[in-house]
Amino acid sequence: MPEPAAPVDPEQALLEALAAGGPLALLGDRNPVALVKSAAARSGRSLDWVDARGLTTQPFDRLVRGWWDGVEWNPGGLVRAMTSGGIFLISNVQALPDDLRQRIGRLLLTGKVPLTGPMLTTDRVIAGHPATSYVLHVDDHQPVLLQVYTLIKRFPVRIRADAAGPPPVARR
């Protein structure tokens, strides 16, 4: 009979995943900003983050992608992280409306952000630096829609970081 796997240290797992770059899902009720900020500081990389709670389309686009000010593009958190090879965290994705949750999943999994301006000449597609890390956080200690779990399964790396132990089996 195989021995049970040793519990994974979320800090160490996060450091290793961030060093590799690419998309990862962070699950649990532990403060994702403090956890990722600590890992970013230890790895010497910049961190941009957005809390998804209460976001609707316009603030989501401004905070995540960026905005056109009439002269140039002002980068949002995701675009800043992508162009610098930093770390982008979007926390509490379970709180996003379905269309925005699908959009952030597509942006993080492809590593590309389309910026559509008022004219064709202002349109851009930003491709992420290979070292960029994309962290999608879901607090699955509260009821979560099936669509959220489906999105999480698309992420190649999933790390659990719980403050008070894992959620009940019915919610995992």
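The coordinates are above.
Reading the values: rules and limits
- Residues numbered from 1 in each chain as written.
- Predicted model: local features only at pLDDT ≥ 70, side-chain atom pairs only at ≥ 80, totals over all residues.
- Heavy atoms only, no water.
- Helix = DSSP H or I, 4+ residues; strand = E, 2+ residues; numbered from the N terminus.
- Buried < 20%, exposed > 50% of the residue type's maximum accessible area, 1.4 Å probe, protein only.
- Polar contact = N/O pair within 3.5 Å; in protein donor to acceptor, adjacent residues only side chain to side chain.
- 1 Å grid on protein atoms, 1.4 Å probe; cavity = no way out; pocket = protein on both sides within 12 Å on 5 of 7 lines; lining within 4 Å.
- Points joined across faces, edges and corners; volume = space filled by probe spheres on them.
- Nonpolar A, V, L, I, M, F, W, Y, C, P; charged D, E, K, R; others polar.
- Axes fitted to C-alpha atoms, helices over the stretch in contact; angles between N-to-C directions.
- Parallel < 35°, antiparallel > 145°, perpendicular 65-115°, else oblique.
- Contact = heavy atoms within 4.5 Å.
- Pairing = 2+ DSSP bridges.

### Digging into the environment of His137
- When you line up the elements, His137 lands in strand 8 (residues 133-138).
- Judged by its relative accessible area of 2%, His137 is buried.
- Put simply, His137 and Gln94 are 43 residues apart on the chain and 8.3 Å apart in space, counted from C-alpha to C-alpha.
- At a separation of 3.0 Å, a polar atom in the side chain of His137 contacts the main-chain carbonyl oxygen of Gly28.
- Among the polar contacts listed, one links the side chain of His137 to the backbone nitrogen of Asn92, at a separation of 3.0 Å.

### Observations concerning the layout of surface pockets
- Of the volumes computed, that of the largest pocket is approximately 160 Å³.
- At the level of elements, helix 5 (98-110) and helix 6 (146-153) are the ones that each hand at least two residues to the lining of the largest pocket.
- With five residues, helix 5 is the single largest residue contributor to the lining of the largest pocket.
- Partitioned by chemical class, the residues of the lining of the largest pocket number one nonpolar, four polar and four charged.

### Comments concerning the packing of helix 3 (residues 57-65) against helix 4 (residues 77-84)
- It is the contact of helix 3 with helix 4, at a shortest axis distance of 3 Å, that shows an interaxial angle of 20 degrees. With respect to each other, helix 3 and helix 4 are oriented roughly parallel. Along the contact surface, helix 3 presents Leu63, Val64 and Arg65, while helix 4 presents Gly77, Leu78 and Val79.

### Here we look at the sheet that holds strand 2 (residues 47-51)
- An order of 2-5-8-1-9 is seen for the five strands of this open sheet, with the pairing classed as parallel. Either end of the sheet is taken by a strand with one partner, and the two such strands are strand 2 and strand 9 (158-160). Neighbour-to-neighbour, the strand axes of the sheet open up by a mean angle of 20 degrees, direction not taken into account.
- Pairing of strand 1 (residues 22-27) with strand 9 involves three bridges; the strand directions are parallel. Bridged to Ala25 within strand 9 is Arg158.
- Set on the sheet, helix 2 (residues 32-43) makes contact with strand 1, strand 2, strand 5 (87-91) and strand 8; between it and strand 5 the angle comes to about 175 degrees.

Functional significance is not addressed by these values, which are geometric in nature.
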